[in-house]
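Remarks on the overall topology
What follows is the residue order along each chain.
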Amino acid sequence: MTFTKFSRAHSSSALRVFCFSISLLGGISVSQAQNQGQPRQQPQSQIQAAIAPPAPATTPTSFTRLENLGSQIFKDQALSEPRGTSCNDCHLFSSGFAGNNGSRIGVAQGSTPQSIGGRNAMSNAYTSFIPKFQFRVTGEDVDPVGGFFWDGRADTAELQALGPLLNALEMNNKDAASVVRKIAAAPYAQMFKDEFGSQIFNNPSLAFQKIGVAIAAFERTSALQPFSSKYDQFIQGKAKLTPQESNGMKVFMDVNKGNCASCHLMNPNSSKPSDSLFTDFAFYATGIPRNMAIPRNANPSFFDLGLCGPDRTKPSLTSNVPANISIEKFCGTFRMTSLRNTAERKAWMHNGFFKDLRDVVSFYATRNSDPKRWYGPKGVANDLPAAYVGNIINDRVPFNRPASAGPTLTVKEIDDVVAFLKTLSDAQAQPQGPAQAPLFGVRNNPFGN
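Residues numbered from 1 in each chain as written. Predicted model: local features only at pLDDT ≥ 70, side-chain atom pairs only at ≥ 80, totals over all residues. Heavy atoms only, no water.

What follows deals with the overall build of the protein. Along its length, the protein carries 11 helices and 4 strands. The proportion of buried residues among the 449 residues of the protein is 57%. Residue pairs in contact within the protein that sit at least 24 positions apart in sequence constitute 75% of those at least 6 positions apart. Accessible surface computed for the protein: about 18,100 Å², of which carbon and sulfur atoms make up 53%. (Helix = DSSP H or I, 4+ residues; strand = E, 2+ residues; numbered from the N terminus. Buried < 20%, exposed > 50% of the residue type's maximum accessible area, 1.4 Å probe, protein only. Contact = heavy atoms within 4.5 Å. Areas by Shrake-Rupley, 256 points an atom, 1.4 Å probe, with all protein chains shown as cover.)

Printed below as a string of structure tokens:
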């Protein structure tokens, strides 16, 4: 959820002040198949250009054939090995377009009982706004930005969609040809041929690439980016926030309090929902505590370094990055995702450590003032090797607050921010009926109260 900024002059500009990042959902592996769809436009160096909205998506009631095909593939539980797990199982509308296929430890369950991933499943909503991975250089700031997955390793939604199909810890198919054979036997096989050609299944490599094209087309529809939240109604003058929600938004935007909106970008003065995506798509390290329920974390020498691996190789610095900057400066950083639908999720951050949204906000408010609550008796960040602890943000609000100054937010302010975050839930993603029973380990922080 996070990235590190270097040699940054402290600025009052909203785009240059650090926020407490409430990262959302987690990643899965990507294949090397090439996207056969239209190339994504290269993002501009400025943030607002990078998140410019695409053409309006079709509504769920007016899917094109390609979008309909993508929807059926996305929900097909016959595509895993063994069968029974679909893409949709980790991206449920009712869980904020996320969820972990029934796993309650913060990271995703695959198609077999022993298949436990290493990261929290990311939301696949609003993905059409994600720019291609790049290093953005603005003055003295060097910011990794964009790309799909927590570590930005896939440049397009088409490539990202293919990764889980071949990941042994996810849908567990042995190769692309195996997936294509399942598609060819599916009820929608004729639709696939109508869309991509009658001979498409004779070319398994191309057919596999087209699977990603279809899924990505579905993910770009308004079914997954409806902009139907109370906040969207509010900025359009169709709803009013409660006093608690209104104060929560004020604290969220206050550069001396939460300072969230400086990274979780929003514009409540614009009636256009896509002007409030609640992310700047950049990479940060904020010192999230280690989730000991993740199997690979049982090895004390293992660390998930995000942009630096283990699920990707370290990216090469581009020519626009100053020569004095090393890729090591970004190890341990993860891409910030949107806060839209965050209140519906069952786990937060790249490692799913948090199971309660209020705990997420409390962490940012008290990380400096009460580190032992999060990290144990030593009070030191415990999910990065010593060489990279220095990459954790500590030079801007709320992370530059001296421990002696106490929490950044009061108990009431924390509650108000949570109330505001709940206004970001899309109408169709809001829970229906009785609330679910609390997840196992909902307070999995062994050092908390």
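Within strand β2 (residues 141-145), 5 of the 5 residues are buried, which leaves it mostly tucked inside the rest of the structure. Burial of the side chains of β2 extends over both faces: Asp141, Asp143 and Val145 are buried on one face and Val142 and Pro144 on the other. Bridge analysis of strand β1 (residues 134-138) against β2 gives 5 bridges, and the strand direction is antiparallel. For Val137, the partnering residue across the bridge sits in β2 and is Val142. (Pairing = 2+ DSSP bridges.)

Moving on to empty space enclosed by the protein. Rolled over the atoms, a probe as big as a water molecule pinpoints where empty space is left. As enumerated under the stated definition, the model contains 4 cavities of 30 Å³ or more in all. There is about 470 Å³ of room inside the largest cavity. Lining the largest cavity we find 40 residues, and of these His91, Met122, Ser123, Asn124 and Gln160 sit closest to its centre. Mapped by element, the contributors of at least two residues to the lining of the largest cavity are α3 (157-166) and α6 (204-219). It is α3 that provides the largest number of residues to the lining of the largest cavity, a total of 3 residues. Tallied by class, the residues present in the lining of the largest cavity amount to 22 nonpolar, 13 polar and 5 charged. (1 Å grid on protein atoms, 1.4 Å probe; cavity = no way out; pocket = protein on both sides within 12 Å on 5 of 7 lines; lining within 4 Å. Points joined across faces, edges and corners; volume = space filled by probe spheres on them. Nonpolar A, V, L, I, M, F, W, Y, C, P; charged D, E, K, R; others polar.)

Mapping His264 onto the fold places it in the loop between α8 (243-253) and β3 (283-284). A polar side-chain atom of His264 sits 2.9 Å from the main-chain carbonyl oxygen of Phe278. (Polar contact = N/O pair within 3.5 Å; in protein donor to acceptor, adjacent residues only side chain to side chain.)

To continue, consider the packing of helix α2 (residues 65-74) against helix α5 (residues 189-196). What describes two packed helices is the angle between their axes and the distance between those same axes. α5 packs onto α2 with a crossing angle of 140° between their chain directions and a minimal axis gap of 10 Å. Relative to α5, α2 is oriented oblique. In the crossing of α2 with α5, the sense of the turn from one axis to the other is left-handed. Along its contact with α2, which presents Arg65, Leu66, Asn68, Leu69, Gln72 and Ile73, the element α5 presents Met191, Phe192, Asp194, Glu195 and Phe196. Here the contact of α2 with α5 is built from residues that sort into 6 nonpolar, 2 polar and 3 charged. (Axes fitted to C-alpha atoms, helices over the stretch in contact; angles between N-to-C directions. Parallel < 35°, antiparallel > 145°, perpendicular 65-115°, else oblique. Left-handed = near helix turned anticlockwise from the far one by under 90°.)

To continue, consider the nonpolar core. Counting residues in hydrophobic clusters, the biggest one holds 91 residues, and the most contacted among them are Ile73, Phe192, Ile211 and Phe252. Broken down by element, the residue count for this core peaks at 9 residues, all from α6. In contact with Ile211, not counting residues within four places along its chain, are Ile73, Leu162, Leu165, Val179, Val180, Ile183 and Phe192. (Core = buried A, V, L, I, M, F, W, Y, C linked by side-chain atoms within 4.5 Å.)

Right, let's talk about the side chain of Ser270 for a bit. Along the polypeptide, Ser270 turns up in the loop between α8 and β3. Polar contacts involving the side chain of Ser270 include one to the side chain of Asp275, which spans 2.6 Å.

Cis rather than trans, the peptide bond between Glu81 and Pro82 has omega equal to -5°. With respect to the helices, strands and loops of the structure, Pro82 is situated in the loop between α2 and β1. A cis amide bond links Val397 to the next residue, Pro398, at an omega of 5°. Residue position: Pro398 is located in the loop between α10 (371-375) and α11 (411-422). The backbone of Asn341 sits at a positive phi, close to 65°, despite the residue not being glycine. Along the polypeptide, Asn341 turns up in the loop between β4 (334-335) and α9 (357-366). One non-glycine residue, Met349, adopts positive backbone phi at about 80°. Structurally, Met349 can be placed in the loop between β4 and α9.

What follows concerns the confidence of the model for the protein. Interpretation of this model should avoid reading the predicted coordinates in detail wherever pLDDT is low. When pLDDT is averaged along the protein, the result is 86; 82% of the residues meet or exceed 70. Confidence drops under pLDDT 50 across residues 1-59; counting only partners more than four residues distant or on other chains, this segment forms 239 contacts. A low-confidence stretch, residues 431-449 (pLDDT under 50), is modelled with 26 contacts involving residues beyond four sequence positions or located in other chains. (pLDDT = per-residue confidence, 0-100.)

On to α5. Taken as a whole, α5 has its buried residues at Ala189, Met191, Phe192 and Phe196. For α5, the buried positions fall inside an angular range of 160° around the axis, keeping them on one side. For α5, the secondary structure elements touched by its buried residues are α2, α4 (176-184) and α6. Just beyond α5, the residue with positive phi is Gly197, at close to 115°. (Arc of directions from axis to C-beta.)

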